[in-house]
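# Overview (structure and organization)
The residues making up each chain are set out below.
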Amino acid sequence: FLDMWASAIMVLNPGMMVEAAECGLRASKLLWMPNPVDIEEFCPLVPDARSALRTRLGIAEESEVVLFVGRLAPEKELASLVKGFAKLAALRPQAMLVLVGDGPCREEIQSIAGKLADEGRIRFTGAVPSSAVHQWVQIADVFALVSSLEGLPVSLIEAMATGLAVVVSDIPANRQLVDHGVEGMVVETRNEDAIGSALESILSDGETRWRMGTAARLRIGASFSTGRVVGMYETLFAKILGNVR
């Protein structure tokens with residue numbers, strides 16, 4: 001019925017294109033349509049403003065913040081992120097992991113975090129208002145999303161729009177946003193050693209981190225800004241209405 005009656009079928013990543021074709025949907029009806037981001041809200045801060053915001057959120061100026069934003073759910077593979085961070089923490093005493101969000105895996109992840117959480121090197125913020133998410137992104141040094149399953153991850157788009165270098169898992173949803181070595185680093189899913197090494201590599205090289213963050217913001221601005229996505233919807237609607245007439 002979807003193939004018969006829909007004028008267009010929107011998908012979020014190349015992997016979904018393949019899945020849709022395997023289900024018998026015609027390629028001519030498939031359309032990639034991204035999630036938008038407000039690049040005015042999710043933007044880098046000047047140093048003084050960033051320092052003041054860190055103070056307000058209880059983050060030390062010298063901390064090297066690795067950030068995750070999202071549900072604490074199985075598909076986010078947070079156990080591998082926490083274990084990878086533990087390897088980083090042994091090498092970099094100022095490194096700190098901040099997990100923004102809540103979900104069914106919180107107790108399990110807190111248990112894995114163990115001593116690092118007790119020492120304040122892994123911080124669980126719990127759920128925060130959507131209006132406050134950009135503040136946590138703006139105080140981070142690197143963003144990590146090592147999920148085994150995503151559609152088109154809004155949190156990753158927002159982090160890249162804010163100018164953060166990223167470490168992401170090697171899945172279609174992430175690969176459409178991140179080229180390894182350009183906007184960040186792509187690592188094998190559930191590989192805690194690779195995750196820890198990628199985070200250490202980015203944090204230890206400020207120039208590379210800046211270059212990746214700059215490339216990330218440029219990429220998101222070009223394809224995922226609200227104005228860009230609104231234009232894509234307008235083009236789609238005009239085409240459909242033209243066909244109906």
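I will try to describe carefully the structure that is included in this document. Since the model is a prediction, treat every value here as computed from it, not as a measurement.

## Some remarks on the side chain of Thr189
When you line up the elements, Thr189 lands in the loop between strand S8 (184-187) and helix H9 (192-203). Thr189 has contacts with Glu77, Val146, Ser147, Ser148, Ser169, Asp170 and Ile171, leaving out every residue within four places of it along the chain.

## Observations concerning the environment of Trp210
Looking at the secondary structure, you find Trp210 in helix H10 (residues 206-223). As for Trp210 and Glu107, which are separated by 103 residues in sequence, their C-alpha atoms are 34 Å apart.

## Things to note about the nonpolar core
Within the largest apolar cluster, 64 residues are counted, with the highest numbers of intra-cluster contacts made by Leu81 and Leu99. Setting aside chain neighbours within four positions, we find Leu81 in contact with Phe68, Leu97, Leu99, Ala144, Val146, Ile195 and Leu199. Ala6, Ile9, Leu25 and Leu30 belong to the second largest nonpolar core, which has five residues in total.

## A word on the packing of aromatic side chains
Within the structure shown, the criterion is met by two aromatic pairs. On the basis of an interplanar angle of 90 degrees and a centroid distance of 5.8 Å, the ring pair of Trp32 and Phe224 is categorised as edge-to-face. Of this pair, Trp32 sits in strand S2 (residues 30-32) while Phe224 sits in the loop between H10 and helix H11 (226-244), placing them 192 residues apart in sequence. Under the relative-accessibility criterion, Trp32 is labelled partly exposed at 27%. Centre to centre, the rings of Tyr233 and Phe237 are 5.8 Å apart; their planes meet at 45 degrees, and the pair counts as tilted. Here Phe237 and Tyr233 lie together in helix H11, a separation of four residues that amounts to about one turn.

Cut-offs used in this document
- Residues numbered from 1 in each chain as written.
- Predicted model: local features only at pLDDT ≥ 70, side-chain atom pairs only at ≥ 80, totals over all residues.
- Heavy atoms only, no water.
- Helix = DSSP H or I, 4+ residues; strand = E, 2+ residues; numbered from the N terminus.
- Contact = heavy atoms within 4.5 Å.
- Core = buried A, V, L, I, M, F, W, Y, C linked by side-chain atoms within 4.5 Å.
- Buried < 20%, exposed > 50% of the residue type's maximum accessible area, 1.4 Å probe, protein only.
- Phe/Tyr/Trp six-rings, centres within 6.5 Å; stacked < 30°, edge-to-face > 60°.

The quantities given are spatial measurements derived from coordinates; they are silent on function.
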